[in-house]
Amino acid sequence: EKIFGNAVTTPIVRAHKGFENAFSAGSLRMRADFADALIHKVGLEQAMDKDTANALGTFVSSVTGRGELGKLGAIGGELGTIFFSPRFFKAQIDTLLQPYQLAAHSGVYKNIPKSVRREIGKRYIMHLGGNAALLGILQSMGLTSLDPRSDAFGYLVVGERKYDLTGGHRGM
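What this report covers is the structure whose coordinates are included nearby.

The rules we used
Residues numbered from 1 in each chain as written. Predicted model: local features only at pLDDT ≥ 70, side-chain atom pairs only at ≥ 80, totals over all residues. Heavy atoms only, no water. Helix = DSSP H or I, 4+ residues; strand = E, 2+ residues; numbered from the N terminus. Rg over C-alpha atoms; globule rule 2.2 N^0.38 Å. Buried < 20%, exposed > 50% of the residue type's maximum accessible area, 1.4 Å probe, protein only. Contact = heavy atoms within 4.5 Å. Expected span 1.5 Å × (residues − 1). Bend = angle between axes of the 7 residues up to and from the residue. Core = buried A, V, L, I, M, F, W, Y, C linked by side-chain atoms within 4.5 Å. Pairing = 2+ DSSP bridges. Salt bridge = Lys/Arg side-chain N within 4 Å of Asp/Glu carboxyl O. Axes fitted to C-alpha atoms, helices over the stretch in contact; angles between N-to-C directions. Parallel < 35°, antiparallel > 145°, perpendicular 65-115°, else oblique. Left-handed = near helix turned anticlockwise from the far one by under 90°. Nonpolar A, V, L, I, M, F, W, Y, C, P; charged D, E, K, R; others polar.

### Considering the overall build of the protein
So, point 1. The secondary structure content of the protein amounts to six helices and two strands.
So, point 2. Along the protein, from the amino end to the carboxyl end, the secondary structure elements read α-α-α-α-α-α-β-β.
So, point 3. Radius of gyration (C-alpha) of the protein: 20 Å, far over the 16 Å computed for a compact globule of 172 residues.
So, point 4. Based on the C-alpha atoms only, the size of the protein along its principal axes is roughly 60 × 50 × 30 Å.
So, point 5. A burial count over the protein gives 24% of its 172 residues as buried.
So, point 6. Considering only residue pairs separated by 6 or more positions, the protein has 49% of its internal contacts joining residues 24 or more positions apart.

### Quick word on helix α5 (residues 86-104)
It helps to recall that an α-helix has 3.6 residues per turn; residues three or four apart then point in one direction.
So, point 1. Counted at 1.5 Å a residue, the expected span for α5 with its 19 residues is 27 Å, and the 27 Å between its end C-alpha atoms agrees.
So, point 2. Roughly 35° is the biggest bend found in α5, and it falls at L97, with proline P99 one to four residues downstream.
So, point 3. Turning to α5, its buried residues are P86, A91, Q92, D94, T95, Q98 and L102.
So, point 4. Structurally, α5 contributes buried residues whose contacts are with α3 (50-63), α4 (76-82) and α6 (114-140).

### Concerning the nonpolar core
So, point 1. Within the largest apolar cluster, 13 residues are counted, with the highest numbers of intra-cluster contacts made by L38, L56, F59, Y109, I112, V116 and I120.
So, point 2. At the level of elements, α2 (11-42), α3 and α6 are the ones that each hand at least two residues to this core.
So, point 3. Ranked by the residues each element gives to this core, the list is headed by α3, at four residues.
So, point 4. Aside from chain neighbours lying at most four places away, what touches I120 is L56, F59, L102 and Y109.

### Let's talk about the pairing of strand β1 (residues 155-158)
So, point 1. Examined bridge by bridge, β1 and strand β2 (residues 161-164) share four bridges and lie antiparallel to one another. Residue pairing in the sheet places L156 in a bridge with Y163 of β2.
So, point 2. Counted along the chain from β1 to the antiparallel partner β2, the turn is two residues long, and its residue G159 has a positive phi close to 65°.

### What about α2?
So, point 1. Between the first and last C-alpha of α2 there are 47 Å, a value that for 32 residues agrees with the 46 Å anticipated at 1.5 Å per step.
So, point 2. Among the residues trailing α2, G43 stands out with phi positive, at a value near 75°.

### Some words on the pattern of salt bridges
When the charged atoms of two side chains lie near each other, side chains of opposite charge can form a pair.
So, point 1. Evaluated as defined, the whole model comprises seven salt bridges.
So, point 2. Note that K90 is salt-bridged to D94, the shortest N-O span being 2.8 Å. Pair noted here: K90 and D94 are both in helix α5, with a separation of four residues, about one helical turn.
So, point 3. Overall, K90 belongs to the partly exposed group, its relative accessible area being 29%.
So, point 4. Judged by relative accessible area, which is 12%, D94 ranks as buried.
So, point 5. The salt bridge involving D151 is made with K162; its shortest N-O contact spans 2.9 Å. Of this pair, D151 sits in the loop between α6 and β1 while K162 sits in strand β2, placing them eleven residues apart in sequence.
So, point 6. Under the relative-accessibility criterion, D151 is labelled exposed at 54%.
So, point 7. Classification of K162 by relative accessible area gives partly exposed; the value is 38%.
So, point 8. What you see here is one network of salt bridges that share partners, running through E119, K122 and R123.

### Focus on the packing of α3 against α5
So, point 1. Taken N-terminus to C-terminus, the directions of α3 and α5 make an angle of 120°; their axes are 8 Å apart at the nearest point. Classified by the interaxial angle, the pair formed by α3 and α5 is oblique. Between α3 and α5 lies a crossing whose hand is left-handed. Here α3 contributes T58, F59, S61, S62 and V63 to the contact with α5, which in turn contributes A91, D94, T95 and Q98.
So, point 2. Among the residues forming the contact of α3 with α5, the class breakdown is three nonpolar, five polar and one charged.

Structure follows, in structure tokens:
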């Protein structure tokens, strides 16, 4: 017991905790900056209703890998011990399903202004178009395969190494 008590105060453990805190702070800052830029882009700095704020928050959380777990959010920590990163997995599913909700004006996108729906739609088109263009360029250079049956489908292949450039969405 005394050994574990001393382990917390070692310089290596303290440095690890410092790096972990810096990473968390940086990712929170990135999410906040992204949300601020999106709010500024649609011109809602002055006043925003609850539905619009909820829709923008859901969108930002999804595209930055922090999906909402709904009622399971209360036990998110326990889910993390069973599953690898349940919020990230939920964010990936949301990123795939939200364009359909956006087009159908359903879910969190039901009562939001047209300018916000348009801007979120543009972000999805930019994401998909950018990935498609990148994969097309890599295909023309012979660095990937566009055959879905290939094990190199959607990967950047350099020598024996494969790199997923889709942020984890390749399998979905």
